[in-house]
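# Descriptive analysis of the structure
The chain contents come next:
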Amino acid sequence: MTHPLSVEPTGESHGHCDCCGNATSTVWGYVHDREKTVAAYFVQWTVGSAEHMPNFDFLIGTWGNDAVNDRVLSSWLFNPSNNSFMITDAKCRPAANSQLCSHALSREETLALPGLKAVASGCLDAVWLQDGRLAEVRAFANDA
Ligand SMILES: [Zn+2]
């Protein structure tokens with residue numbers, strides 16, 4: 001069975017964590033629903049450190065029409081200790097300052113906007129399964 005959403009990896013960058021100096025990786029790309037782009041995504045994690053919960057950020061809205069700037073940022077954290085995702089406040093994420101972002105959603109807003117949580121979790125699932133660069137993040141997952 002193929003996933004209804006497809007992932008197109010585009011760029012990546014590397015830096016250092018402000019708190020501990022460990023290396024960080026950020027990868028990004030697009031999520032497509034057939035020929036329509038539904039979101040851009042960014043995944044950032046601290047290399048070799050599962051305690052720094054990896055960030056998954058999604059810019060969801062209209063892509064491919066410069067006249068429309070309706071894209072909202074929804075941010076999620078992966079908690080490797082129980083293999084769960086938590087919705088977090090997007091305002092402090094780097095993509096919140098991007099011109100591509102019209103509004104960074106709080107946790108409450110992600111939950112309250114009709115359909116938004118379903119779109120974001122569909123994108124999350126597609127990125128988790130399809131972006132091969134996330135092998136290290138998937139390896140943080142706790143088998144126990
Ligand atoms: Zn750190």
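All values reported here derive from a predicted model rather than from experimental measurement.

Right, let's talk about the coordination of the zinc ion for a bit. On the protein side, the zinc ion has Cys17 (SG), Cys19 (SG), Cys20 (SG) and His52 (NE2) as donor atoms, found 2.1 to 2.3 Å from it. All donors to the zinc ion come from one chain, and their sequence spacing reads C-x1-C-C-x31-H. On the criterion of sequence distance, the pair formed by cysteine 19 in the loop between β1 (5-16) and β2 (23-33) and histidine 52 in the loop between β3 (36-46) and β4 (55-60) is long-range, its members being 33 residues apart.

Counting 27 residues, the largest nonpolar core has Val31, Val43, Phe56, Phe58, Val127 and Leu134 as its most contacted members. Counting residues per element, the ones that place at least two in this core are β1, β2, β3, β4, β5 (72-79), α2 (116-130) and α3 (135-140). Among the elements that make up this core, the one with the highest residue count is α2 (seven residues). Aside from chain neighbours lying at most four places away, what touches valine 31 is Leu5, Ser6, Val7, Lys36, Thr37, Val38, Ala39, Tyr41, Cys123 and Val127. Membership of the second largest hydrophobic core comes to nine residues, among which are Trp63, Ala90, Ala95 and Ala96.

Turning next to the pairing of β3. Across the 11 residues of β3, eight count as buried, placing the element largely inside the fold. For β2 and β3, the ladder comprises 10 bridges, and the chain directions are antiparallel. Its bridge partner lying in β3, histidine 32 is registered against threonine 37. Connecting β2 to the antiparallel partner β3 that follows it, the hairpin turn spans two residues, and arginine 34 within it adopts a positive phi of roughly 55 degrees. Bridge analysis of β3 against β4 gives six bridges, and the strand direction is antiparallel. Residue pairing in the sheet places tyrosine 41 in a bridge with phenylalanine 58 of β4.

Calculation notes
- Residues numbered from 1 in each chain as written.
- Predicted model: local features only at pLDDT ≥ 70, side-chain atom pairs only at ≥ 80, totals over all residues.
- Heavy atoms only, no water.
- Donors = N, O, S within 2.8 Å, 3.2 Å for Na, K, Ca; no water.
- Helix = DSSP H or I, 4+ residues; strand = E, 2+ residues; numbered from the N terminus.
- Core = buried A, V, L, I, M, F, W, Y, C linked by side-chain atoms within 4.5 Å.
- Buried < 20%, exposed > 50% of the residue type's maximum accessible area, 1.4 Å probe, protein only.
- Contact = heavy atoms within 4.5 Å.
- Pairing = 2+ DSSP bridges.

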